[in-house]
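# Results of the structural survey
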Amino acid sequence: MSVTAPAGFRAAGVAAGIKPTGALDLALVVNDGPRHTAAGVFTTNKVKAAPVLWSQQVLQERSLHAVVLNSGGANACTGPEGFQDTHATAEKVGEVLGVGAIDVAVCSTGLIGERLPMPAVVSGVDGAAAALDGTADAGTAAATAVLTTDSKAKQATAAGNGFSIGGFAKGAGMLAPNMATMLSVLTTDAVVEPDVLDTALRAATRTTFDRLDVDGGTSTNDTVLVLASGASGVEPSAEELTEVLTAISTDLVRQLQGDAEGATKAVDITVRGARTEDDAVHIGRIIAEDNLVKTALFGSDPNWGRIAMALGRAQAEIDVSRVEIITNGVSLFAGGLPNRDRGEADLTGRDIEIVVDLHLGDQAATILSTDLSHDYVEENSAYSS
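Looking at an unreviewed UniProt entry, the chain carries the name Arginine biosynthesis bifunctional protein ArgJ, with the source organism given as Saccharopolyspora gregorii. Checking UniProt for the chain, the heading Sequence similarities (unreviewed entry) contains the comment "Belongs to the ArgJ family." A UniProt comment under Function (unreviewed entry) is attached to the chain, and it reads "Catalyzes two activities which are involved in the cyclic version of arginine biosynthesis: the synthesis of N-acetylglutamate from glutamate and acetyl-CoA as the acetyl donor, and of ornithine by transacetylation between N(2)-acetylornithine and glutamate."

### Regarding the overall build of the chain
In terms of regular secondary structure, the chain is built from 10 helices and 15 strands. Over its C-alpha atoms the chain spans a radius of gyration of 21 Å, differing by no more than 12% from the 21 Å that the globule rule assigns to 385 residues. Over its C-alpha atoms, taken along the principal directions, the chain stretches across nearly 70 × 50 × 35 Å. When each of the 385 residues of the chain is scored for burial, the buried share is 56%. A separation threshold of at least 6 residues defines the contact pool for the chain, and within that pool the share at least 24 residues apart is 80%. Carbon and sulfur atoms make up 50% of the accessible area of the chain, which totals about 14,500 Å². With 26 positive and 49 negative side-chain charges, the chain shows a spacing of 4 Å between the two charge centroids.

### Details of the sheet that holds strand β11 (residues 324-327)
A sheet is described by the order of its strands in space; here six strands give the open sequence β13-β12-β11-β14-β10-β15, paired in mixed fashion. Either end of the sheet is taken by a strand with one partner, and the two such strands are β13 (337-338) and β15 (363-370). In this structure, strand β10 (residues 266-274) lies alongside β15, joined through seven bridges in antiparallel fashion. In the strand pairing of β15, Asp268 is matched with Leu368. The strands touched by helix α6 (residues 238-258) within the sheet are β10 and β15, with β15 carrying the most contacts at an inclination of about 40°. Of the strands in this sheet, β10, β14 (351-357) and β15 touch helix α7 (residues 277-289), which is tilted by about 20° from β15.

### Thoughts on the nonpolar core
Counting residues in each nonpolar core, the largest one holds 46 residues, and the members touching the most others are Leu26, Val67, Leu69 and Phe168. Once residues lying within four places of it in the same chain are set aside, the contact partners of Val67 are Ala27, Leu28, Val29, Ala105, Cys107, Val185, Leu225 and Leu227. Ranked by size, the runner-up nonpolar core spans 32 residues in total, among them Leu311, Ala345, Leu360 and Ala365.

### Notes on the state of the cysteines
Following the criterion strictly, the structure yields zero disulfides and no others. The thiol of Cys77 is not disulfide-bonded; the next cysteine sulfur, from Cys107, is found 17 Å away. On the accessibility criterion, Cys77 (53% relative accessible area) is exposed.

### Details of the pairing of strand β4 (residues 66-71)
One face of the sheet, then the other: side chains in a regular strand alternate in exactly this way. In terms of burial, β4 is a largely internal element, six of the six residues being buried. Side chains Ala66, Val68 and Asn70 of β4 all project onto a buried face; the interleaved residues Val67, Leu69 and Ser71 project onto the opposite face, where all are buried too. Examined bridge by bridge, strand β2 (residues 26-31) and β4 share five bridges and lie antiparallel to one another. Bridging across to β4, Leu28 finds its partner in Val68. With six bridges joining them, β4 and strand β5 (residues 104-109) adopt parallel strand pairing. Within β5, the residue paired with Val67 across the bridge is Ala105.

About the thresholds
- Residues numbered from 1 in each chain as written.
- Predicted model: local features only at pLDDT ≥ 70, side-chain atom pairs only at ≥ 80, totals over all residues.
- Heavy atoms only, no water.
- UniProt positions renumbered as here; feature names shortened; annotations may be inferred.
- Helix = DSSP H or I, 4+ residues; strand = E, 2+ residues; numbered from the N terminus.
- Rg over C-alpha atoms; globule rule 2.2 N^0.38 Å.
- Buried < 20%, exposed > 50% of the residue type's maximum accessible area, 1.4 Å probe, protein only.
- Contact = heavy atoms within 4.5 Å.
- Areas by Shrake-Rupley, 256 points an atom, 1.4 Å probe, with all protein chains shown as cover.
- Lys, Arg positive; Asp, Glu negative; His and termini not counted.
- Charge placed at Lys NZ, Arg CZ, Asp CG, Glu CD.
- Pairing = 2+ DSSP bridges.
- Axes fitted to C-alpha atoms, helices over the stretch in contact; angles between N-to-C directions.
- Core = buried A, V, L, I, M, F, W, Y, C linked by side-chain atoms within 4.5 Å.
- Disulfide = S-S within 2.5 Å.

Set out below in structure tokens:
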């Protein structure tokens, strides 16, 4: 259940001193080869953190030997000095591994707007390099070292025909990635050509990480990376690789949804019968991000009127006389009128399924979300203090 499950990978997680609590806060994942193919997807936020700018640059070569990640500081909105800190981190990793800085991706997560304590980062790289191991415990330490407000590490593995994929992800708030997720590193021992790996990752993230929307916040640091060692000697078809990447991404996204900040409900919003998939995704996001909908769900209130209001704001084709709103299996609204008593829909459990059927076409999409609770407000009102 870790990035070390596929052959050819080692990992480590150490307490470098970036977090004042003394918790694990620096992770290193190393691809020992024989191949070093890599791909990545990143936040679409126009305010990109220095590590995102660096990693986008080095991934133009579609090759990575290592990824270094830190929690406790986002290194975002830190100007040229912050970018220099990212470069220096990559150089340090390259030095201890005997590779170039261009072979190292960098990821950071935490509070925006403050420089990282570079002496701690540099010494942490030394410590992580010394602790590198191919065991599951090492993978778990790496997955733990990237956590911020998460309550637990998120890890998964998936198997193909003769190859495997492992990975971890972190993220509990500011979840509306519009391309990737908070931070995630995936590893595979498959033999994969660079263009095939890139295409497969984009296809997998489009229907998994990109469909998680907890609060509408698109992070400055969102990154998903996949590293392929080729150590299995097996070259899967593009279709099989995409299928297995999608499976592990789905697993990780479900874990992220379940551990979202303050969440008391896991909410799946399916929009079907749309003219286009883009319409379905857009409407699902509008509903997922609506605070009136989210607070009603927190109160277990089957207030379909809020759902109707939210979808009516969407810039998508809608005919209200055809719309149907189904909540936990009960059709509450149909044909422009209330259909059944809202009290028939039981929302007291943790899992809630909202289905909006537009009855206009054959396209559908599901957005994963949560409710909006007191704990979410309290946690995010004091994040920087």
